[in-house]
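# A look at the structure
The lines below spell out each chain.
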Amino acid sequence: MKHALIFAVSSFATGATAGHELDDRDLINGQTLYAQECASCHGANLEGQPDWRTPDANGVLPAPPHDASGHTWHHDNQLLFEYTRLGGEEALAARGVIGFASGMPGFGNVLTDDEIWDILAYIQSTWPDRVQVMQADRNLPHD
Ligand code: HEC
C-alpha cells in the first residue's frame, strides 16, 4: 500500500525542472559518495535490501534497489533529489503526504546539492538506455 502511495505522489510531481540537472555530472565522485553514504542500505551494487517491497512490523519499508529493477527510475529528478536531501518523510510531507514513516534519512546536512546530483547521475548512469529514456520522460517540460 505504501508503495502505491509513493507512485501516486510521484505521478503528481510537477517536473518543474527540465531534467538537465543530471547532465555533465562527476560520475566518479557520485560513485565514491554512493559507496560511502548509500551502499549500506541500498546495496554496493544498487541491489537494495532483501524483500524490499515488504514493510517491517512498524510499517517501514526496507531500502529499495536503485538499479533498473527498482522504482527509482519511476520518479522525476526533483523527487529523487528532495528524497535524498530531506529524507523520505519530509520529502513526502512537502508533497502533501503527512506522517509517512520512511526509513530514508535526509542527507542535507551531510552532502552538498552538487554532491547529491553527482550521486543521482551515477545511479542513472547504471540504467539501460531504455530505462534512462523512460525516466527522462518524467522530467517535463522538455526543451
Ligand atoms: C539508513 C538506510 C538508508 C541510507 C543510508 C540511504 N537510504 Fe535511500 N532509502 C532508504 C529506505 C528505507 C527507502 C525506502 C523509501 C521509504 O520508505 O520512504 C529509501 C528510498 C530512497 C529513495 C526513494 C525511492 C526510490 O528508489 O526512488 C531515494 C531516491 C533514495 N533512497 C536515495 C538515497 C541516496 C542517494 C542515498 C545516499 C546519499 C541513500 N538513499 C541512503 C534507506 C536508506
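Here, the structure is the one placed above.
What comes next is a walk through the structure. Since the structure is predicted, the reported quantities are computational estimates derived from the model, not experimental observations.

With that out of the way, let us pick up the site of the ligand. The immediate surroundings of the ligand are formed by 24 residues, with Cys-38, Cys-41, Gly-88, Ser-102 and Gly-103 found nearest. Of all the elements in the fold, those that place two or more residues in the shell around the ligand are α2 (27-42) and α3 (77-86). Tallying contributions element by element places α2 first for the shell around the ligand, with five residues. The class makeup of the residues in the shell around the ligand is twelve nonpolar, eleven polar and one charged.

On to α2, then. Taking 1.5 Å per residue, 16 residues should reach 22 Å; α2 reaches only 17 Å between its end C-alpha atoms and comes up short. Every buried residue of α2 is listed here: Gly-30, Leu-33, Tyr-34, Cys-38 and His-42. Residues of α2 that are buried make contact with α5 (113-125). Just downstream of α2, Gly-43 is the residue with a positive phi angle, here 95°.

Here we take up the packing of α3 against α5. The contact between α3 and α5 brings their axes to 10 Å, and the two run at 125°. Comparing their axes, α5 and α3 come out oblique. Handedness of the crossing formed by α3 with α5: right-handed. Between α3 and α5, the residues in contact are Asn-77, Leu-80, Phe-81, Thr-84 and Arg-85 and Ile-116, Trp-117 and Leu-120, respectively.

This paragraph deals with the nonpolar core. If you look at the biggest cluster of nonpolar residues, it comprises 19 residues, and the most contacted ones within it are Tyr-34, Trp-117, Ile-119, Leu-120 and Ile-123. With seven residues, the top contributor of residues to this core is α5. Non-local contacts of Trp-117, meaning those with residues more than four positions away in its chain, are made with Glu-21, Leu-22, Arg-25 and Phe-81.

About the criteria used
Residues numbered from 1 in each chain as written. Predicted model: local features only at pLDDT ≥ 70, side-chain atom pairs only at ≥ 80, totals over all residues. Near = placed C-beta within 6 Å. Helix = DSSP H or I, 4+ residues; strand = E, 2+ residues; numbered from the N terminus. Nonpolar A, V, L, I, M, F, W, Y, C, P; charged D, E, K, R; others polar. Expected span 1.5 Å × (residues − 1). Buried ≥ 20, exposed ≤ 12 C-beta atoms within 10 Å, placed from the backbone. Contact = placed C-beta atoms within 7 Å. Axes fitted to C-alpha atoms, helices over the stretch in contact; angles between N-to-C directions. Parallel < 35°, antiparallel > 145°, perpendicular 65-115°, else oblique. Left-handed = near helix turned anticlockwise from the far one by under 90°. Core = buried A, V, L, I, M, F, W, Y, C linked by C-beta atoms within 7 Å.

Honestly, that's just the spatial picture; any functional story needs more than this.
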